[in-house]
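Close look at the chain arrangement
One letter stands for each residue in the lines below.
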Amino acid sequence: MVDSQYYLPNDVGISALDCGEAFYLLSPKEKMYAHYLSRASWYGGLVVLLQTSPESANIFVLLQKIFRKQTPAQLEEVATAAGFNSEEFQAFLVYAAGLYANMGNYKSFGDTKFIPNVPKDKLKSLVWASQAFKEQPAEMEALWDSCSCPLYSLEDKQKQLGLGDKGITTYFSGNCCLEDAELAQKFLDSKKLSAYNTRLFKRENGGKACYEVRLAASVQKDCTVEGECESCCGEFNFGDKEFTVKRGDYGPLMEKVCFYLQKAQAYAANENQRKMLEEYRRSFTFGSVEAHKEGSRYWIKDKGPVVESYIGFIESYRDPFGSRGEFEGFVAVVNKAMSERFAKLVSSAEVLLPELPWPQEFEKDTFLTPDFTSLDVLTFAGSGIPAGINIPNYDDIRQSEGFKNVSLGNVLAVAYATKKEKLTFLKEEDKDLFIKWKGPSFEVQVGLHELLGHGSGKLFVQDEKGTFNFDQTKVVNPETGEVVSSWYRDCETWDSKFTTIASSYEECRAECVGLYLCFNKKVLSIFGHEGQDAEDVVYVNWLSMVRAGLLALEFYTPESKSWRQAHMQARFVILRVLLEAGEGLVGLEEVTGEDGKPDAQITLDQSKIQTVGKNAIHKFLCKLQVFKSTADVEGGRALYEGYSAVSDSNTHNFLHLRETVLLRKEARKMFVQANTVVNGDDVELVEYEGSAAGLIHSFTERFQDDAEQLEANLLELSKKDAVCWCGWKDE
């Protein structure tokens, strides 16, 4: 019997992402700009298939070939004849939709594998009965044979993403372990290379370990890129190991991205946009993170664009080591009314920052006023769609040059709508209040989290010339009372120092900032909340965080004692901190539900949030910032991993509570996104219904211009590296 967590339920929420009103307000030139950026994003987003699992690209191509020849409605007749009942056919559609929405066969939020809730032999019979198989039987059979076993496999290692024996990853070859990742990071640091756009492949040569660092690039030549003193490519000795740096990873996909970015340049609104796109093209052509950073500098300077976008290897959540970026690209239209609120929050930032619990020396010397806009997403290509973003992720740019914040308004409107009957673990008297204020409170939390969470705090750095960005003789660590004794050196970054915990730790810090500052009356007023309404928003924000901490247990794997989702780990840590605060602030009780099955109930004493609760977050948040500022990896790990521990030996049996959470979990929603099509001098928006069939239809139409060539490229890229997941042989 397969655990239900590895299936996507037939009733999973699937909603169309509405952007029609925003799109139709664009000028013809802006529509063209948005169209070509969307094309670049969609083709780049296919990289995620190759970053997720060895079989994801092959499964994607199998589904594309089937659905390009027959729509879901047409295929249903074939399925019925092949012995499928309606539930089984819906399960197949939901699986296909899930693979498209997650850009692979592992959940983007939680990193667990999902498989079709249809017997393997039945799915095979459907493939054989399809029109695609009838037209290309040999090719379709070979495609099925290449992916059918891993498609269904639930061996322990294949149940989740991870490094070494903890799971599956394609950021590293299958023979790599944590020690290899650490060694490679030291090598990259020595060459002043970022890991963001790399993968690591290890082979044995005469009993000696040799490593290949592969850069995402459309070209494979080892030519010098402008801005480099020498080519970063070549063969290098590092200690007693050999490293080779090569370009060309995801080559055909990077070529398509560059092609469409060049098309978009012709419709850029200003010089900053043109230079931004030029640098992005250079980055994806030559595999240069420095060029992407330069493009990001122009992006920051492009204040208040009507069409906002960002593209590249961005978030490192899914790299088990925490250093490599997953590809994503988004295109969105500014919601002017909502953006005015965020602009007011930005203008209040310099008043709010001093309220944070760390000493002034631990805050940036100057707050670099960012853009903060509410956007309606037109395109978000990658493994999933967040509610808000704070980028770029380059520490040196964020610290000294600036950043941008975006809140994705049409995503928030759909993702956080909640039905009362599906609202778990709350008292009945809290449910109506929760439903009323969940959306507005989350809007406040996202604003504070992105702007003043990710946008705050200083990193103490000694640069390559030996110059410090702080007074190392005077700045005192508030936790020890002694002068600061550790800091970042030269090319060290937050990600390269804190590696496996960096993403979750930073999300926890940002979430704590949101909780800590949401009491501020000016902040609440900016978002339109006064009096009792404001108090309710604060209460529901804290209640939502506490409940999320319990829900987070779904994303913990007891067998490997590992967390599979950075944000949820962060929320569990916050729950632990608030439970530890005591004094009746938070209650967590195991109960029996009305259905006779195990249940749990969360309570939060509203009268103690501003005293006991705020004091607990004050102390914890200060520790988080101090360890981060001072590059104290040992102290930071001890603190964070201590609160992240899930056991049955504390006051609360979290391992047992995890079983209850799994029993009552609700699947994460999927989004159906529109396509854009050029028609003469205009661009048309093609929208689809919010269903599994609609999501599938959107993907088959998305790549119809060059479908066969694209599918051949994906299969070739997948085949080329297939041996890497089976182990390398000695040469």
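So, here's what we can say about the structure.

Thresholds, definitions, all that
Residues numbered from 1 in each chain as written. Predicted model: local features only at pLDDT ≥ 70, side-chain atom pairs only at ≥ 80, totals over all residues. Heavy atoms only, no water. Phe/Tyr/Trp six-rings, centres within 6.5 Å; stacked < 30°, edge-to-face > 60°. Helix = DSSP H or I, 4+ residues; strand = E, 2+ residues; numbered from the N terminus. Buried < 20%, exposed > 50% of the residue type's maximum accessible area, 1.4 Å probe, protein only. Lys NZ or Arg CZ within 6 Å of the ring centre and 35° of its normal. Pairing = 2+ DSSP bridges. Axes fitted to C-alpha atoms, helices over the stretch in contact; angles between N-to-C directions. Core = buried A, V, L, I, M, F, W, Y, C linked by side-chain atoms within 4.5 Å. Contact = heavy atoms within 4.5 Å. Salt bridge = Lys/Arg side-chain N within 4 Å of Asp/Glu carboxyl O. Expected span 1.5 Å × (residues − 1). Parallel < 35°, antiparallel > 145°, perpendicular 65-115°, else oblique. Left-handed = near helix turned anticlockwise from the far one by under 90°. Nonpolar A, V, L, I, M, F, W, Y, C, P; charged D, E, K, R; others polar. Lys, Arg positive; Asp, Glu negative; His and termini not counted. Polar contact = N/O pair within 3.5 Å; in protein donor to acceptor, adjacent residues only side chain to side chain.

Re the packing of aromatic side chains
- Inspection of every chain in the model, using the stated rule, returns 47 aromatic pairs.
- Their ring planes at 20° and their centres at 6.0 Å tell us that Tyr-36 and Tyr-267 sit as a pair that is stacked. Highlighted residues: Tyr-36 in helix 2 (residues 28-45) and Tyr-267 in the loop between helix 11 (251-265) and helix 12 (271-286), separated in sequence by 231 residues.
- Overall, Tyr-36 belongs to the buried group, its relative accessible area being 12%.
- The exposure class of Tyr-267 is partly exposed, given its relative accessible area of 29%.
- Relative to Phe-403, the ring of Phe-367 has its centre 6.4 Å away and its plane inclined at 75°; by these criteria the two rings are edge-to-face. Placement of the pair is Phe-367 in the loop between helix 15 (349-352) and strand 8 (371-381) and Phe-403 in the loop between helix 16 (395-400) and strand 10 (404-408), with a sequence separation of 36 residues. Accessibility classification places Phe-367 together with Phe-403 in one group, the buried group.
- Among the aromatic residues, those joined into a cluster by ring pairs are Tyr-36, Trp-42, Tyr-43, Phe-60, Tyr-100, Phe-259, Tyr-260, Tyr-267, Phe-699 and Phe-703.
- For the cation-ring pair, Lys-628 lies above Trp-494, with the distance from its terminal atom to the ring centre recorded as 5.0 Å.

Focus: the sheet that holds strand 2 (residues 198-205)
- Taken together, the 4 strands give an open sheet; going across it, the order is 2-3-5-4, and neighbouring strands pair in mixed fashion. Both outer strands of the open sheet, strand 2 and strand 4 (234-238), are each paired with one neighbouring strand and no more. For this sheet the average axis-to-axis angle between neighbouring strands, irrespective of direction, equals 25°.

Comments concerning the nonpolar core
- With 118 residues, the main nonpolar core has Phe-60, Phe-92 and Phe-284 as its most contacted residues.
- In terms of residues, this core owes the most to one element, helix 6 (residues 86-102), which gives 10 residues.
- Residue contacts for Phe-284: discarding those within four places in its chain leaves Ala-216, Ala-217, Ser-218, Met-254, Val-257, Cys-258, Leu-261, His-292, Ile-311, Gly-312, Phe-313 and Phe-327.
- Ranked by size, the runner-up nonpolar core spans 96 residues in total, among them Val-475, Trp-542, Tyr-556 and Leu-588.

Focus: the pattern of salt bridges
- Summed over the entire model, instances satisfying the criterion amount to 43 salt bridges.
- Between Asp-682 and Lys-31 there is a salt bridge, and its shortest N-O distance comes to 4.0 Å. Within this pair, whereas Asp-682 is found in strand 19 (residues 682-686), its partner Lys-31 is found in helix 2, the two being separated by 651 residues in sequence.
- The partner of Glu-294 in a salt bridge is Arg-297, with the nearest N and O atoms 3.2 Å apart. Taken as a pair, Glu-294 and Arg-297 lie in helix 13 (residues 289-301) at a separation of 3 residues, close to a single helical turn.

Some words on helix 11
- Relative to the 21 Å expected for 15 residues at 1.5 Å per residue, helix 11 spans 21 Å between its end C-alpha atoms, a close match to the ideal helical length.
- Listed in full, the buried residues belonging to helix 11 are Gly-251, Leu-253, Met-254, Val-257, Cys-258, Tyr-260, Leu-261, Ala-264 and Gln-265.

Remarks on the pairing of strand 4
- Pairing of strand 4 with strand 5 (residues 241-249) involves 5 bridges; the strand directions are antiparallel. Residue pairing in the sheet places Phe-236 in a bridge with Phe-243 of strand 5.
- Between the end of strand 4 and the start of strand 5, which pair antiparallel, lie 2 residues, with Gly-239 showing a positive phi angle near 65°.

What about the packing of helix 7 (residues 120-129) against helix 9 (residues 137-152)?
- For the pair helix 7 and helix 9, the least separation of the axes is 12 Å and the interaxial angle reads 160°. It follows from the interaxial angle that helix 7 and helix 9 lie roughly antiparallel. Both helix 7 and helix 9 take part in a crossing whose hand is right-handed. On helix 9, the residues that touch Lys-120, Leu-123, Lys-124, Val-127 and Trp-128 of helix 7 are Met-140, Glu-141, Trp-144, Ser-148, Cys-149, Leu-151 and Tyr-152.
- Each residue belonging to the contact of helix 7 with helix 9 can be placed in one class, and the counts come to 8 nonpolar, 1 polar and 3 charged.

Overview of the environment of Met-338
- Relative to the elements of secondary structure, Met-338 occurs in helix 14 (residues 336-347).
- With a relative accessible area of 14%, Met-338 lands in the buried category.
- Considered as a pair, Met-338 and Cys-223 are 115 residues apart in the sequence and their alpha carbons are 47 Å apart.
- Setting aside residues no more than four positions away along its own chain, Met-338 makes contact with Ser-374, Glu-443 and Phe-527.

Notes on the environment of Ala-195
- Its place among the elements puts Ala-195 in the loop between helix 10 (178-190) and strand 2.
- Taking relative accessible area as the criterion, Ala-195 reaches 5% and is therefore assigned buried.
- Among residues more than four places away in sequence, those in contact with Ala-195 are Gln-185, Leu-188, Ser-323 and Arg-324.

Observations concerning the pairing of strand 10
- Along strand 10, 5 of the 5 residues are buried, which leaves the element largely enclosed by surrounding structure.
- Of the two faces of strand 10, both are covered, the one formed by Lys-404, Val-406 and Leu-408 as well as the one formed by Asn-405 and Ser-407.
- Alignment of strand 8 against strand 10, held across 5 bridges, turns out to be parallel. Looking at the pairing, Asp-371 lines up with Lys-404 of strand 10.

Considerations on the side chain of Lys-364
- Along the chain, Lys-364 falls in the loop between helix 15 and strand 8.
- No salt bridge is formed by the buried Lys-364. Its closest oppositely charged neighbour is Glu-363, at 5.7 Å.
- Separated by 3.4 Å, the side chain of Lys-364 and the backbone oxygen of Arg-398 make a polar contact.
- Not counting residues up to four positions away in its chain, the partners in contact with Lys-364 are Arg-398, Gln-399, Phe-403, Gly-455, Ser-456, Gly-457 and Lys-458.

Focus on unusual backbone geometry
- Omega for the peptide link from Ile-391 to Pro-392 comes to 5°, which places this bond in the cis form.
- Examined against the element boundaries, Pro-392 turns out to sit in the loop between strand 9 (388-391) and helix 16.
- Even without being glycine, Phe-425 reaches a positive phi, approximately 70°.

Some words on the environment of Ser-374
- Of note, Ser-374 is situated in strand 8.
- For the pair formed by Ser-374 and Met-140, sequence separation is 234 residues and the distance between their alpha carbons is 45 Å.
- Sequence-distant contacts of Ser-374, that is, excluding residues within four places in its chain, are made with Val-333, Val-334, Asn-335, Met-338, Ser-339, Phe-342, Ser-407 and Gly-409.

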